[in-house]
Amino acid sequence: MHPSQTPATLTVHIPLRDGVTLAADVFTPDPAEPRPLVLEITPYNRGPQGLSFRNEVRFWMTHGYAMVIADCRGKGDSGGTFVFMANEGRDTHDAIEWLAAQPFCNGRVAMRGSSYTGTNPWYAARERPPHLMAMSPSASAAGGNQDITWRGGIFSFEHSLLWGSRTREGPPLVAGPEVDWHALLTHRPVMTIDEVVTGQVLPVYRDMASHRLRDLHLAALEFSDADYARSDVPSLAFSGWQDGCLGGTVKHFQSMRRVSPARDRQHLVVGPWNHHGAPDGGHACETEQPINPLGDLHLPPHGFFVAREVVRAFFDHHLKGEGRFELPQARLYLTGADRWINSTDFPPAFAQSRRLYLHSGGRAQGLGGDGRLSFDAPGTEPSDVIVHDPMHPVTSHLPDADGVPQTVREWPRDLAPMIDRPDVLVYLSEPLREPLAVLGVASIVLHVATDARDADFFCRLEDVGPDGRGMRLGMHSSARLRLVGRGGIDRDLPVVPGAPMEIRLELGALGHVFRPGHRLRLSVCCSSFPETFPNPGTGEPVTTSTASPRVARQTVFHDATRASFLELPVIDLEATPGIAEPDWPGIAG
């Protein structure tokens, strides 16, 4: 029998403080024998077909644990109404405390999860349940809206629609075959596209589309320094350079390291993985085999390991008092060099900022343009112009080997088919003469102007090999920023047509070595559909606007007084000890 088919020992209904109950499956060799317990609470169905850690059930029972997988509020067989992340802290607190008092638990509880279920432990930890002893919260969202639904002030249209469809009657939408994305470009407002696609109102989609600026609902989902300061739970988190939740995972680690009383018991592992492989050390949950190659990124065997064994050693130490858990605070994989780096923090203190400046003769459009990246600051140079037509946006889908469009959010693909068009600016460096090792958080500073009332900007970074093929780097598919959102999420800042402004786009965390002979390629555009819905340029909120979109001219400046540049955290590769095949706690040999 496959581990995911292991029958539950018993099903329980966990009472919550408001009278709602959560349905949960308990897996244990003996319900009368108290054991430490591993808990996951999921919106993805606790049953055999759900997206959960059911494939670990036998593993945890074999090593002396009970495991409980519960449907969260409003999902599966649980009661109540589901509201995206709104109830997870209180509900999980109550579930932990109830489970800790049951005959099959010895009062010591750990949490394991990834993505939504990897964010739940953070909400639980800020509620301080007395019996939560440790957690492994991987690929976690940061909380609020700034890393998933409204990063850079731009609505994550595709993700929100697909995720929101999980609450509809019938199966959730599948990206690609079920949705004719380009047919939706003419629909206004974006808020009601759910009815066009599914014939139903999707409350989760509309909730995501409604909270762009900070309000009481959004503030309740965010984590403050005060939350981290009262969270004293040891954590071991996994993420990947191609994981869309890398930013949230890093934020939790950084915040706990800064203010938590458990700062020295926080551990972060970032490997060369995507969102699906991150919690399993780069393995696919379904097949338990390494995901290799990952798009265009081919990885050696030591880029993978069995993460559950490391988690077991971590839980054994904190729940059973067995052994020592010897893992540095941060262990980070450098793609391009194919080795691991140890650090006490992320970004590492030994990284130094270095700038590559944008240059051109005013014709940087497409792959055949004259855009260049250089370590030399610009002098007197003409600007570049993007003519942005919202009805003909740059796509965020690329065909795979079989010609089927695939999202590029989580795959290190060559973006040439996407960016070789006149409304994309491309800046290419000369071949490197020596390695350029990047480890930390990268950003792009642009000086821009628009003749519209608002505009979106997207930047993508690639490593281009000697054969001319590119490989995308960076969190999600792009750095992005909406101009009216350049001041944050408390209030919009007006855009004066034609007035230059400086903006900073966060590319996110990187761990990569550009090898000698390779080039850096930075592309700049003003749309990424259907990942996001094109900005109509009217200045109205994108999700509620009913106005017709307009063609806009966006200008990118790069001269002596308005330099635009890529800012990279660079390390000295020769002075930084690397480990080709590190020892992992819990893994023999």
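Each value, and the rule that gives it
Residues numbered from 1 in each chain as written. Predicted model: local features only at pLDDT ≥ 70, side-chain atom pairs only at ≥ 80, totals over all residues. Heavy atoms only, no water. Core = buried A, V, L, I, M, F, W, Y, C linked by side-chain atoms within 4.5 Å. Buried < 20%, exposed > 50% of the residue type's maximum accessible area, 1.4 Å probe, protein only. Contact = heavy atoms within 4.5 Å. Helix = DSSP H or I, 4+ residues; strand = E, 2+ residues; numbered from the N terminus. Pairing = 2+ DSSP bridges. Axes fitted to C-alpha atoms, helices over the stretch in contact; angles between N-to-C directions. Parallel < 35°, antiparallel > 145°, perpendicular 65-115°, else oblique. Left-handed = near helix turned anticlockwise from the far one by under 90°. Expected span 1.5 Å × (residues − 1).

Draft legend 1. Molecular detail of the nonpolar core. Phe315, Leu446, Phe457, Leu520 and Leu568 are the most contacted members of the largest nonpolar core, which has 91 residues in total. Other than its neighbours up to four places away in sequence, Leu568 contacts Gln352, Ser353, Arg354, Leu356, Leu436, Val438, Ala442, Leu461, Leu510 and Leu520. In terms of nonpolar packing, the next biggest core, distinct from the first, is built from 64 residues, Leu161, Met208, Ala209 and Val233 among them.

Draft legend 2. Up close: the pairing of strand β23 (residues 552-557). Across the six residues that make up β23, a large majority, five, are buried. Pairing of strand β13 (residues 384-388) with β23, which is carried by five bridges, proceeds in the antiparallel orientation. In the strand pairing of β23, His388 is matched with Ala552. With four bridges connecting them, strand β17 (residues 436-450) and β23 associate as antiparallel partners. The partner of Val448 across the bridge, within β23, is Val556.

Draft legend 3. Up close: the packing of helix α4 (residues 157-164) against helix α6 (residues 203-210). Where α4 contacts α6, the two axes come as close as 7 Å, and the packing angle between them is 150 degrees. With respect to α6, the axis of α4 lies roughly antiparallel. You can see that α4 and α6 cross each other, and the crossing is right-handed. Within the contact between the two elements, α4 uses Phe157, Ser160, Leu161, Trp163 and Gly164 and α6 uses Val204, Tyr205 and Met208.

Draft legend 4. Fine view of the packing of helix α2 (residues 88-100) against helix α3 (residues 116-125). Remark: α2 packs on α3, axes separated minimally by 8 Å, with the N-to-C direction vectors making an angle of 80 degrees. By the angle between their directions, the pair α2 and α3 is classed as roughly perpendicular. On the side of α2, the interface is formed by Glu88, Gly89, Thr92 and Ile96, while α3 contributes Tyr116, Asn120, Tyr123 and Ala124.

Draft legend 5. Summary view of α2. Relative to the 18 Å expected for 13 residues at 1.5 Å per residue, α2 spans 18 Å between its end C-alpha atoms, a close match to the ideal helical length. Those residues of α2 lying buried are Glu88, Gly89, Asp91, Thr92, His93, Asp94, Ala95, Ile96, Glu97, Leu99 and Ala100. Among the structural elements, β1 (10-15), β3 (35-42), β4 (66-71), β5 (105-114), α3 and β6 (132-138) are those in contact with the buried residues of α2.

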